[in-house]
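Tertiary structure, described
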Amino acid sequence: VVSGSDNDSVESENSTVNISVSVTDGTDPVSGVNVVVKDKGISGTTGVAGGCTLSNVPVGNVIITATKEGYADYSHEETITSETNSLSITLTGV
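Residues take numbers from 1 onward in each chain, read along the sequence in its written order. Totals for whole chains, interfaces and linings use all residues, but because this is a predicted model, local features are given only for residues with pLDDT of at least 70 and pairs of side-chain atoms are given and counted only at 80 or more. Excluded from the side-chain calculation are hydrogens and water; included are all heavy atoms of the structure.

Digging into the sheet that holds strand S5 (residues 60-67)
Quick reminder of the rule: What makes two strands pair is DSSP finding at least two bridges between them. Counting from the N terminus, the helices are DSSP H or I runs at least four residues long and the strands are E runs at least two residues long. Only C-alpha atoms enter the line fits that serve as axes; for helices the fit covers just the stretch in contact. Angles between N-to-C directions range over 0 to 180 degrees.
Taken in spatial order, the four strands of this open sheet run S3-S2-S5-S6, and their pairing is antiparallel. With one partner strand each, in any of the chains shown, strand S3 (42-45) and strand S6 (74-80) form the two edges of the open sheet. Strand-to-strand, the axes of this sheet are offset by a mean angle of 20°, without reference to chain direction. Judged from the four bridges that link them, strand S2 (residues 34-37) and S3 form a sheet pairing that is antiparallel. From the neighbouring strand, Asn-34 faces S3, where its bridge partner is Thr-45.

Take a look at the structure:
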């Protein structure tokens, strides 16, 4: 355990977090969505409740994509910090 003020702490490039992802169509959960942390080899597929967990996501800027047939592809840059533990995604039907 490292202690000190926030000014003294530096997040390691090797820091990772687990993120609980929730995908909806704006109203209802969407299952079967492939959620990917681009170029990091991390992915998950949402279940019936529209959720999945992305494990060991690196701290920093990453691009999150979400795809499922019948919906517009989602791609968004997210800033992941050591405090990030959830992400909500809304897909639009096509």
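A few points about the side chain of Thr-46
Just so we agree on the cut-off: The definition of a polar contact used here is a pair of N or O atoms within 3.5 Å, where within protein one atom must be able to donate a hydrogen and the other to accept one, and adjacent residues in sequence count solely through side-chain atom pairs.
Tracing the backbone through its elements, the reader meets Thr-46 in the loop between S3 and strand S4 (51-58). Side-chain polar atoms of Thr-46 contact the backbone oxygen of Val-30, separated by 2.8 Å.

Side note on the pairing of strand S7 (residues 86-90)
Test applied: Relative accessibility thresholds used throughout: buried, under 20% of the residue-type maximum; exposed, over 50%; partly exposed, between the two (1.4 Å probe, protein chains only).
Every second residue of S7 is oriented toward a common face, the buried set being Leu-87 and Ile-89 and the non-buried set Ser-86, Ser-88 and Thr-90. Here strand S1 (residues 16-24) runs beside S7; their pairing, made up of five bridges, is parallel. Following the sheet pairing, Ser-22 is matched in S7 by Ser-88.

Thoughts on unusual backbone geometry
A positive phi is found at Asp-39, a non-glycine position, where the angle reads about 65°. As for its placement among the helices and strands, Asp-39 is situated in the loop between S2 and S3. Judged by relative accessible area, which is 71%, Asp-39 ranks as exposed. Phi angles above zero are rare outside glycine, and Asn-56 is one such case at about 60°.

A look at the sheet that holds S4
If you trace the three strands from one edge of the open sheet to the other, you get S4-S1-S7, paired in mixed fashion. Among the strands making up the open sheet, the edge pair consists of S4 and S7. The average undirected angle you get between the axes of adjacent strands in this sheet is 30°.

Things to note about the pairing of S2
Here S2 shows one buried face, formed by Val-35 and Val-37, and one open face, formed by Asn-34 and Val-36. Once S2 ends, the chain turns through four residues before running back antiparallel as S3, passing Asp-39 with a positive phi of about 65°.

Nothing here speaks to function; it is geometry throughout.
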